Structures are given as C-alpha cells and as structure tokens.
Amino acid sequence: MYVLGIETSCDDTGVAIYHSEHGLISHFLYSQVAMHNEYGGVVPELASRDHIRKLVPLIKQTLQESHLQKSDITGVAYTAGPGLMGALLVGAATARSLAWAWQIPAIAVHHMEGHLLAPMLEAYPPPFPFVALLISGGHTLLVQVEGIGRYQLLGESLDDAAGEAFDKTAKMLGLGYPGGPKLAELAEQGKPTFKFPRPMTDRPGLDFSFSGLKTFTLNTFNQSHKTDQDKADIAAAFQQAVAETLSIKCKRAIKQTGIKRLVVAGGVSANKQIRALLRALAEQENSEIYFPRPEFCTDNGAMIAYAGCQRLLRGEQQSLEILARPRWPINELL
Ligand code: KG4
Ligand code: ZN
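Residues numbered from 1 in each chain as written. Chains lettered and ligands numbered in written order. Predicted model: local features only at pLDDT ≥ 70, side-chain atom pairs only at ≥ 80, totals over all residues. Heavy atoms only, no water.

Asks: Tell me about the sheet that holds strand E4 (residues 73-81), residues and numbers included.
Replies: One open sheet accounts for five strands, arranged E3-E2-E1-E4-E5; its pairing is mixed. Since the sheet does not close on itself, it has two edges, and those belong to strand E3 (23-31) and strand E5 (106-110), each with one partner. For this sheet the average axis-to-axis angle between neighbouring strands, irrespective of direction, equals 20°. In terms of strand pairing, strand E1 (residues 2-7) meets strand E2 (residues 12-19) through six bridges, oriented antiparallel. (Pairing = 2+ DSSP bridges. Helix = DSSP H or I, 4+ residues; strand = E, 2+ residues; numbered from the N terminus. Axes fitted to C-alpha atoms, helices over the stretch in contact; angles between N-to-C directions.)

Asks: An account of the pairing of E1 is requested, with residue identities and associated values reported.
Replies: Across the six residues that make up E1, a large majority, five, are buried. Connecting the antiparallel pair E1 and E2 is a turn made up of four residues. In the sheet, E1 pairs with E4 via five bridges, with the strands oriented parallel. Residue pairing in the sheet places Tyr2 in a bridge with Ile73 of E4. (Buried < 20%, exposed > 50% of the residue type's maximum accessible area, 1.4 Å probe, protein only.)

Asks: Residues and numbers for the sheet that holds strand E7 (residues 140-147), please.
Replies: Taken together, the five strands give an open sheet; going across it, the order is E8-E7-E6-E9-E10, and neighbouring strands pair in mixed fashion. Every other strand in the sheet has two partners, leaving strand E8 (150-156) and strand E10 (288-290) as the edge strands with one partner each. Each strand axis lies, on average, 25° off the axis of its neighbour in the sheet, ignoring direction. When strand E6 (residues 130-135) meets E7, the two strands line up antiparallel, connected through six bridges. Bridge assignment links Ile135 to a residue of E7, and that residue is Thr140.

Asks: Let's hear about helix H2 (residues 44-65): which residues, and what values?
Replies: Over its 22 residues, H2 runs 30 Å from end to end, which matches the ideal 32 Å to within 8%, given 1.5 Å per residue. Turning to H2, its buried residues number three or more, namely Ala47, Ser48, Asp50, His51, Leu55, Leu58, Ile59, Thr62 and Leu63. Here the buried face of H2 lies against E1, E2, E3, helix H1 (33-37), E4 and helix H3 (85-102). Just downstream of H2 lies His67, where phi reads positive at about 55°. (Expected span 1.5 Å × (residues − 1). Contact = heavy atoms within 4.5 Å.)

Asks: Could you give an account of unusual backbone geometry, naming the residues involved and the relevant values?
Replies: Cis peptide bonds are those with omega within 30 degrees of zero, and the linkage from Phe128 to Pro129 qualifies with -5°. In this structure, Pro178 follows Tyr177 across a cis peptide bond, with omega equal to -10°. Along the chain, Pro178 falls in the loop between helix H5 (162-172) and helix H6 (179-187). Even without glycine at this site, Gln103 takes up a positive phi of about 60°. The topology assignment puts Gln103 in the loop between H3 and E5. Assessed through its relative accessible area of 66%, Gln103 is described here as exposed. In this model, Asn286 sits at a positive phi of 55°, which is unusual for a non-glycine residue. With respect to the helices and strands, Asn286 occurs in the loop between helix H9 (272-284) and E10.

Asks: Run through the environment of Gln61, naming residues and quoting values.
Replies: With respect to the helices and strands, Gln61 occurs in helix H2. For Gln61, a relative accessible area of 29% translates into the label partly exposed. On a C-alpha basis, the gap between Gln61 and Val15 in space is 9.3 Å, while along the polypeptide they are 46 residues apart.

Asks: Outline the site of ligand 1, supporting the account with residue identities and numerical values.
Replies: Close contacts around ligand 1 come from 18 residues, with His115, Gly137, Asp167, Gly267 and Asp299 the closest. Asp167 places a side-chain nitrogen or oxygen 2.6 Å from an oxygen atom of ligand 1. Backbone polar atom of Gly180 to an oxygen atom of ligand 1: 3.1 Å apart, as the coordinates give it. Listed by contribution, the elements that provide at least two residues to the shell around ligand 1 are helix H4 (111-117), H5 and H6. Per-element tally for the shell around ligand 1: the top contributor is H5, with three residues. (Near = heavy atom within 4 Å. Polar contact = N/O pair within 3.5 Å; in protein donor to acceptor, adjacent residues only side chain to side chain.)

Asks: Tell me about helix H8 (residues 228-257), and name the residues and values.
Replies: For H8, built from 30 residues, the straight-helix expectation of 44 Å at 1.5 Å per residue is met to within 8% by its first-to-last C-alpha distance of 44 Å. Of the residues one or two after H8, Gly258 is the one with positive phi, at around 75°.

Have a look at this one:
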C-alpha cells in the first residue's frame, strides 16, 4: 500500500510517500521561513496562499522522484488539525480532491499523532507501550501510548507550549523567527549563570507552564547590562530551565506509569541540550529512549503518510467531508 502524506498545518509544506512494507519511499519539504521572517512570525493568510502555490508542484515532484505513477497510490493522508484553519484547508481540500479523482480513500490525520509516530520511521522503532513527550510550537503533551490510536493524556501545558516559549524568548532577545533554533545556537556560547525557575516542578502532577519563564527572562534581560555575553548567558539559562523541567516531568511520568520507555518528538526535540538531558535521564532510570532524526522532529509529510498508512491498514474509513479542525484535543482520537 502506497500512501501519499500531506502536511500543511502551519508554515511548512510537506509531502511524502510511505509504503506499508517498504517504508518511507521519499519525502520533500518546502519551508516558508524566509517569507514569514520579514514579519517576525507566521502570517496565517500568507501561509495559506503559499501552501496553495507549493503543494501541487511538490506532490508532482514526490511522485516523479519516487518513480511512481498516480495510479500506484492507494491512499491519501492529510493533516486535518490542529493548526491554522486556512493552511489546513489547503491540504485537506487537495487531499480529498486527489482521493476523489483517483478513486482511493483519504484519511484525516491528527498532527500530534503524526509527531508521536515519527520515531516509527527510524531503523529501530519503539515498541508499544511507551510514554511520549511531544514538544512542538503549539503543544506540550505527555501521553501514555498503548498502541496506534490508544492514547491517554497524562499532562499538558496550561499556557505557552515549549516551542512557543522558545520563540517568544528569542524574539525578546532580538533573535528573529523562528526563534527556537536561533536561541539554541546562542545558548551554546553562554553559560547558565543566571538562576531561572523550573516551573510547576515543586508540586505534584504532569502539567506544564512555560509562560512565566518568558516574563522571568524579560526581567532578567532588562536588569542585565544587555551585553552579547549577557544575552548568551540568558539563552543558556532559559534553555537549561526548559530542559530540566521537561526531564523532571518525564521522570515522574515514567514512575507514575511504570513504563520504562520514552519517546520524544515535535520540533523542540531537535534541541541538542534537551536530547542530551533526556538521554541522561533515561540512562539513570534504566529506560529506553527514542527520538526521530532531527528533520522529522519538525513538521514533515513523512510522519503524516506513516500515521495515515497505519490507520488505513486498520481498515479505517471516513466520510467524504473535507475535515479541518484548528483545535482538536489528542484524547479525542480513537
Ligand atoms: O513541531 P513543529 O515543527 O511545529 C509545530 O507543530 O508547532 O515545532 C516548531 C517549534 C518552534 O517553536 C521552533 O522554534 C521549535 O519547534 N524548534 C526548536 C528547535 N528546532 C525547532 N526549539 C528549540 N531548539 C531547537 N533546536
Ligand atoms: Zn508540528
């Protein structure tokens, strides 16, 4: 079964083809970063228009480079949410139209389920069950995963997501968009000399809150001499605070569930310090840990093709509606 995957939930146009037995055949990504950079963040209307421009040529390119004909494709998977409404609609309408024209099923995929399953694309995929820490620009989730579609939410961010906190902090430090990778780069030149809090770790529970860290960063920055070294040191202290907070909560989740297997995915999981700290935690806790390769941490079509393929293999069928849900809690998935 060849499944075409389409991802357009935010500022990346991603297309991939996944085969149920042979694995990932090919994947392509067009990033809108350069376009949104000028505005310091994602402009939703520009994002939608650019997806319209790029999606069909990218699908043609993916088919060509895979040496496949459209008649070889047996299913189309698309991100139906959560994400930006206009951007989602482009992918959803395109996927549904192709499925109708090619007389094959289309399947709506939850963007965070895509992230959650991204490590399955690697040579050593995690066996079930596992605890998943999903850290992206829009969500921070801890999920107990028993199998495909069997997800129990353990904790989530009550305000800003981890990636959002990285992006906003980077903006405060004048680093531009997208802030996460830029802040991580700057942090490498600094030392975490400033003392930052580890939010919500002094009380029980698995929820997160990162918005206070932002304010703390701003106050620290304003009270500093604002030198380049101060900026780098603040970036390092912020990054360490996020990494340690995530690690403390993962340790709790492992203890609470008794599942000694951790999967970490979503854009922020590309962060080297966070990866290193969570690897150290896994070692300490005698647990296994799995990450996607960095390019599959951030948004991509491959994870959507994979998730859609698994659902189609389970015999899932959907009505012909064009599904786009900007808000879609992951625990509504079956
Ligand atoms: O998963 P993703 O590509 O999109 C969403 O689903 O939101 O995640 C994007 C987020 C952004 O906030 C970006 O700044 C952050 O992931 N990010 C990083 C790094 N790479 C991407 N944050 C910290 N360090 C990184 N290396
Ligand atoms: Zn994402």
